[in-house]
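As a plain string of letters, each chain reads:
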Amino acid sequence: MKDQKILDKIIELIDKSDKIAIVTHILPDGDAVGSALSLWKVLTDYGKKCDCLCDSPLSLSLKDVPFNEFFDKKTQETYDLAISVDVSEPTRTGKYRSLFDGNSISIDHHKGRTAFSKVNYVDLRSSTCEIILDIINYAFSQHLTKDVADLLYIGLVTDTGGFAYEYVDQRSHECAIKLLDKGVNGCSLYRKYFLEKPTQEIRMHAEVVSKAIFELSSELAILVFTKEILDKYKCDITQTSSAIGNVMNCQEVKVGISITEIDNRRFKVSIRTKGTVDANAIASEFGGGGHVNASGCRLNGDIGIVIDKLVFAVSKNL
Ligand SMILES: [Mn+2]
């Protein structure tokens, strides 16, 4: 438990509130959806009028998670309390930003995040789902059902790349044990939510990976998903992120960058690193951020110039 005082404050705020909004980030990943829906279910069972809100729909790969029908289903006009989960920047709450002007809590695991809530509970764990499980165990343990455990495991197993990333520690595995104890089928969730993808997505990744650009003595690999290639395989921008794992498996590569064209000359950039190379420092140069080994930012302009800027930023951080 990181800080029991803040945790007690969070429980107190929840107890005092009747209508609670739980908000996660735009383009939600497994950790965002798992942490938001699990907390939504627990607080609903605890007797709160609770909504799980997100300014983006569920991606294809997450569309059938438990309680998906309650994702971004708004039932209240106003709220007494807003809780953000897995949100590192206020802009990532999208149209729900103003909910955080009032009583608010942020629960997150991103280093160097912007504090935008009244109470900020930040613990640099492997996933936000780990922190949510701690909170559930601390105050709501009777509501840790199998479905809630499934949601938390989905966040845990996807945000850790199947317990393979640098920041995975003993506590991550202890969380997994607690969830497996509830009857979670770890293998099937790992396969379904982390490994398996639509065939078209795998085919698109294969083409993009085969055209990877290697720079800086092959210590940097860059993947480029243009609008054209997304259209060719009928994929959307949520289906590019995992391809980077392929180039990270190259022995020489220390930094992998995946560039996705959102629309004309606007790019979403994902940065992955090995060991002590700081992805957060690279992303910060362009107003982005995240973790030491996984960060992101946005860049606009000509793709050649975007790549040049990124190569230069990486060269300073290798
Ligand atoms: Mn996360």
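Residues numbered from 1 in each chain as written. Predicted model: local features only at pLDDT ≥ 70, side-chain atom pairs only at ≥ 80, totals over all residues.

### Concerning the overall build of the protein
Argument step 1. Summing up its helical and strand segments, the protein has 11 helices and 11 strands in all.
Argument step 2. Reported as C-alpha extents along the three principal axes, the dimensions of the protein are approximately 55 × 40 × 35 Å.
Argument step 3. Residues classed as buried in the protein amount to 43% of the 318 residues present.
Argument step 4. Residue pairs in contact within the protein that sit at least 24 positions apart in sequence constitute 63% of those at least 6 positions apart. (Helix = DSSP H or I, 4+ residues; strand = E, 2+ residues; numbered from the N terminus. Buried ≥ 20, exposed ≤ 12 C-beta atoms within 10 Å, placed from the backbone. Contact = placed C-beta atoms within 7 Å.)

### What to know about the domain arrangement of the protein
Argument step 1. Its domain assignment divides the protein into domain 1 (4–194) and domain 2 (199–317).
Argument step 2. Taken together, the residues that form the side of domain 1 that touches domain 2 break down as three nonpolar, four polar and two charged. (Domains from an automatic or database assignment. Nonpolar A, V, L, I, M, F, W, Y, C, P; charged D, E, K, R; others polar.)

### Side note on the sheet that holds strand 4 (residues 104–108)
Argument step 1. Judged by pairing direction, the sheet is parallel, and its five strands sit side by side in the order 2-1-3-4-5 without closing on themselves. Each end of this open sheet is capped by a strand with a single partner; those strands are strand 2 (49–53) and strand 5 (119–122). Across the sheet, the mean angle from the axis of one strand to that of its neighbour is 15 degrees, orientation sign disregarded.
Argument step 2. Pairing analysis gives four bridges linking strand 3 (residues 81–85) to strand 4, with the strands arranged parallel. Bridge assignment links Ile83 to a residue of strand 4, and that residue is Ile105.
Argument step 3. Of the strands in this sheet, strand 1 (19–24), strand 3, strand 4 and strand 5 are in contact with helix 1 (residues 4–16), which crosses strand 5 at around 130 degrees.
Argument step 4. Relative to the sheet, helix 2 (residues 30–45) contacts strand 1, strand 2 and strand 3, its axis offset from that of strand 1 by approximately 170 degrees. (Pairing = 2+ DSSP bridges. Axes fitted to C-alpha atoms, helices over the stretch in contact; angles between N-to-C directions.)

### Considering the pairing of strand 8 (residues 255–263)
Every other side chain in a regular strand lies on the same face of the sheet, so the side chains alternate between the two faces.
Argument step 1. By the criterion of burial, strand 8 is predominantly enclosed, with seven of the nine residues buried.
Argument step 2. Relative to strand 8, strand 7 (residues 220–225) runs parallel, the two sharing six bridges. Bridging across to strand 8, Leu220 finds its partner in Val255.
Argument step 3. Bridge count for strand 8 against strand 9 (residues 266–273) is eight bridges, and the pairing is antiparallel. Bridged to Glu261 within strand 9 is Phe267.
Argument step 4. The hairpin turn running from strand 8 into strand 9, its antiparallel successor, is two residues long, and Arg265 in that turn takes a positive phi close to 60 degrees.

### So, the environment of Leu27
Argument step 1. Considering the arrangement of structural elements, one finds Leu27 in the loop between strand 1 and helix 2.
Argument step 2. Residue classification places Leu27 among the partly exposed positions, given that 17 C-beta atoms sit within 10 Å.
Argument step 3. As a C-alpha pair, Leu27 and Ser172 span 145 residues in sequence and 24 Å in three-dimensional space.

### Focus: the environment of Pro28
Argument step 1. Positionally, Pro28 belongs in the loop between strand 1 and helix 2.
Argument step 2. Overall, Pro28 belongs to the buried group, with 27 C-beta atoms counted inside 10 Å.
Argument step 3. When the C-alpha atoms of Pro28 and Asp55 are compared, they prove to be 9.0 Å apart, with 27 residues separating the residues in sequence.

### With respect to the environment of Leu60
Argument step 1. Mapped onto the secondary structure, Leu60 falls in the loop between strand 2 and strand 3.
Argument step 2. What makes Leu60 partly exposed here is the crowd of 14 C-beta atoms within 10 Å.

### Thoughts on helix 4 (residues 146–159)
Argument step 1. Its 14 residues give helix 4 an end-to-end C-alpha distance of 20 Å, which sits within 8% of 20 Å, the value for a rise of 1.5 Å per residue.
Argument step 2. Taken together, the buried positions of helix 4 are Val148, Ala149, Asp150, Leu151, Leu152, Tyr153, Ile154, Gly155, Leu156, Val157, Thr158 and Asp159.
Argument step 3. In the core, the buried residues of helix 4 are packed alongside helix 2, helix 3 (128–139), helix 5 (170–181) and helix 6 (186–195). (Expected span 1.5 Å × (residues − 1).)

### So, unusual backbone geometry
Argument step 1. Within the chain, Phe67 stands out as a residue other than glycine whose phi angle is a positive 65 degrees.
Argument step 2. Note that Phe67 resides in the loop between strand 2 and strand 3.
Argument step 3. We note that Phe163 has phi near 60 degrees; this positive angle belongs to a residue other than glycine.
Argument step 4. As for its placement among the helices and strands, Phe163 is situated in the loop between helix 4 and helix 5.
Argument step 5. Classification of Phe163 as partly exposed rests on a count of 15 C-beta atoms within 10 Å.

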